[in-house]
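Structure assessment
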Amino acid sequence: MPKIADIEKTPNPNAMRFVLKEPLTQGVARSFENAEQAAGDPLAAALFAVPHVTNVFYVDRWLTVTQDGEAYWDKLLLLLAPPIRAAAAATPVSAGEAEEATPRKTRVAPEDEERLAQINAVLDERVRPALLSDGGGLEILEFADNKLVIRYQGACGTCPSSLSGTLMAIESVIRSVDPDVEVIAV
């Protein structure tokens, strides 16, 4: 059972980031935008059972919960803590389980796979750690015709700055590797 080490505000006023003493996953990010998506995940389902929860995102020792803006955090945190504490800590995963938990495959043409690998490397090094520290992440959905389609996860998904400053920063980082790429957030 993960113990909560800290609770941190994020740049998104409707999201809080929980820092845990034990990992929930072994490097696999899990993102849920509604209760239906969370139905097969006991922790996410329990968190969506709490009124006002609109998004759950977790990876390793970090969990972000986003609310609809209608609840007071001091009261909501009291309701969120028990399901987080009751969650099972991650256990080492077999190769089959890791493959099953891998996020959906990015749509990419075979000739662009090497470019996408370079883009992912720079995202892993320079962008994803910053987003994670703010309670979020990003997933690449598609790479075609020099257009990189991304989806924000966790606190970044509804953060007011994600579609302006953050998106421009991400595009700038990616263009340092590949100047012709346009980044589109959906």
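Report on the accompanying structure. (Residues numbered from 1 in each chain as written. Predicted model: local features only at pLDDT ≥ 70, side-chain atom pairs only at ≥ 80, totals over all residues. Heavy atoms only, no water.)

1. Notes on the sheet that holds strand β8 (residues 147-154)
To keep things clear, this is the line we draw: At least two bridges found by DSSP between two strands are what make those strands a pair. Elements are defined by DSSP. Helices are runs of H or I of four residues or more, strands are runs of E of two residues or more, and each kind is numbered from the N terminus.
Strand order in the open sheet made by the 4 strands is β6-β7-β8-β9, with mixed pairing throughout. Looking at which strands have only one partner, the edges of the open sheet turn out to be β6 (107-108) and β9 (182-185). With 8 bridges joining them, strand β7 (residues 136-144) and β8 adopt antiparallel strand pairing. The residue of β8 that forms the bridge with E142 is V149.

2. Observations concerning helix α3 (residues 73-86)
Let me state the cut-off plainly: What a helix should span is 1.5 Å times the count of its residues minus one. Values of bend correspond, residue by residue, to the angle between axes fitted over the seven residues ending at that residue and the seven starting there.
Here α3 is 14 residues long and its end C-alpha atoms lie 20 Å apart, about the 20 Å a rise of 1.5 Å per residue gives. At L80, α3 shows its largest kink, close to 30 degrees, and the proline P82 lies no more than four residues downstream.

3. Things to note about the packing of helix α5 (residues 113-133) against helix α6 (residues 165-175)
Condition: Axis definition: a line fitted to C-alpha atoms, limited for helices to the stretch in contact. Angles are taken between N-to-C directions and run from 0 to 180 degrees. For classification purposes, an angle smaller than 35 degrees is called roughly parallel, one larger than 145 roughly antiparallel, one from 65 to 115 roughly perpendicular, and anything else oblique. In this scheme, a crossing is called left-handed if the near helix is turned counterclockwise away from the far one by less than a right angle; it is called right-handed if the turn is clockwise. The contact criterion used is simple: two residues touch if any of their non-hydrogen atoms lie within 4.5 Å. Residue type decides the class: Asp, Glu, Lys and Arg count as charged, Ala, Val, Leu, Ile, Met, Phe, Trp, Tyr, Cys and Pro as nonpolar, and the leftover types, Gly among them, as polar.
Two numbers describe how α5 lies on α6: the axes approach to 10 Å, and their chain directions differ by 150 degrees. Here α5 lies roughly antiparallel to α6, going by the angle between them. Here α5 and α6 pass one another in a crossing that is right-handed. Across from I119, V122, L123, R126, V127 and L131 in α5, the residues of α6 making contact are T166, I170, V173 and I174. Looking at side-chain class alone, the contact of α5 with α6 contains 8 nonpolar, 1 polar and 1 charged residues.

4. Observations regarding the sheet that holds strand β3 (residues 30-32)
On the basis of which strands lie adjacent, the open sheet formed by 5 strands has the order β1-β2-β5-β4-β3 and antiparallel pairing. Both edges of this open sheet fall to β1 (4-9) and β3, since each of them pairs with a single strand only. Between one strand axis and the next, the sheet turns by 15 degrees as a mean value, whatever way the strands run. Against the sheet, α3 engages β1, β2 (15-20), β4 (53-59) and β5 (62-67), with an angle of about 40 degrees to β2.

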